[in-house]
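# Coordinates in review
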Amino acid sequence: MSLPHAILTALLEKPSSGLELTRRFDRSIGYFWSATHQQIYRELGRLEAEGHIRALPSEGPTRGQKKAYEVLPAGRAELARWTAAAQDPKPPRDPLLLRLRASAVVGTEGIEADLRRHLDLHARQLAEYEEIEARDFGPGRDSAQDRVRHLVLRAGIDLETFWTQWLTRALAEFGELPPTVSGNHDAPSGDCDATAVTQES
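Note that the coordinates shown come from a computational prediction; the quantities given were computed from them, not determined experimentally. (Residues numbered from 1 in each chain as written. Predicted model: local features only at pLDDT ≥ 70, side-chain atom pairs only at ≥ 80, totals over all residues. Heavy atoms only, no water.)

Let us look at the overall build of the protein. Of regular secondary structure, the protein possesses seven helices and three strands. Put simply, 61% of the contacts in the protein that link residues at least 6 apart link residues at least 24 apart. Within the structure as shown, the protein displays about 14,200 Å² of accessible surface, and the carbon and sulfur contribution to it stands at 54%. (Helix = DSSP H or I, 4+ residues; strand = E, 2+ residues; numbered from the N terminus. Contact = heavy atoms within 4.5 Å. Areas by Shrake-Rupley, 256 points an atom, 1.4 Å probe, with all protein chains shown as cover.)

What follows is the structure, given as structure tokens:
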């Protein structure tokens, strides 16, 4: 249910065409809720059919012109309902952590290089977020809307900071492992279950 609400949020911030929406997703909302162009266009059709948005009247000939959409009162009410509703956090499902857990059983060959690749990707994303923060949230940007948007950006910065620090620690740990760690039947089978994020449910 989150994609239509992300679209309603974006349209309340600024009425837009489908093409403009996809560009805005690429630059902002897409950092924490990604969607393909096809998904966005499909949801626009559904929201319009449900009476949550409408196409703005065209000021001239419509042939070849992109339709711009705005949110109707029913759409605003739905977004307010969804925003206020309680929602439990979702348990993490990260393939990297699962692969790392598996490497303790079958061997660590190849995974250290991928940890370095992930570190580079997270470091670049962190730098991008910090650049956005410096550009868009400088002195004087202290309205209620700016402060809440900054909170969302800070979540991204803090998450990327966590991953860069954790991956740096993981690589340091790998540097202390024997040259080859391969799966064997003598390894303890349950001692690592104390780590909640990687334990079986």
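Along the chain, aspartate 146 turns up in helix 7 (residues 144-175). Overall, the relative accessible area of 9% leaves aspartate 146 in the buried class. Ignoring anything within four residues of it in the chain, the contact list for aspartate 146 reads Phe137 and Arg141. (Buried < 20%, exposed > 50% of the residue type's maximum accessible area, 1.4 Å probe, protein only.)

Ordered in space as 1-3-2, the three strands form an open sheet in which the pairing is antiparallel. Two strands in the sheet have a free side with no partner beyond their single neighbour: strand 1 (16-17) and strand 2 (53-55). Pairing of strand 2 with strand 3 (residues 68-71), which is carried by three bridges, proceeds in the antiparallel orientation. Following the sheet pairing, arginine 54 is matched in strand 3 by glutamate 70. (Pairing = 2+ DSSP bridges.)

Let us look at the packing of helix 2 (residues 18-27) against helix 3 (residues 37-49). Direction vectors running N to C along helix 2 and helix 3 enclose 130 degrees, while the axes themselves pass 10 Å from each other. The pairing of helix 2 with helix 3 is recorded here as oblique in orientation. In this structure, the crossing between helix 2 and helix 3 has a hand that is right-handed. Residues Gly18, Leu19, Leu21, Thr22, Phe25 and Asp26 of helix 2 lie in contact with helix 3, whose contacting residues are His37, Ile40, Tyr41 and Leu44. Class assignment for the residues of the contact of helix 2 with helix 3 results in six nonpolar, three polar and one charged. (Axes fitted to C-alpha atoms, helices over the stretch in contact; angles between N-to-C directions. Parallel < 35°, antiparallel > 145°, perpendicular 65-115°, else oblique. Left-handed = near helix turned anticlockwise from the far one by under 90°. Nonpolar A, V, L, I, M, F, W, Y, C, P; charged D, E, K, R; others polar.)

What follows is about the packing of aromatic side chains. The full count for this structure, using the stated rule, is three aromatic pairs. Arranged with centres 5.3 Å apart and planes meeting at 80 degrees, the rings of tyrosine 31 and tyrosine 129 form a pair that is edge-to-face. You can see tyrosine 31 sitting in the loop between helix 2 and helix 3 and its partner tyrosine 129 sitting in helix 6 (residues 111-136), a full 98 residues away along the chain. Given the relative accessible area of 29%, tyrosine 31 is considered partly exposed. Grouping aromatic residues by their ring pairs yields a cluster made of Phe162, Trp163 and Trp166. Arginine 141 extends its terminal NZ or CZ atom over the ring of phenylalanine 137, reaching a point 5.7 Å from the ring centre. (Phe/Tyr/Trp six-rings, centres within 6.5 Å; stacked < 30°, edge-to-face > 60°. Lys NZ or Arg CZ within 6 Å of the ring centre and 35° of its normal.)

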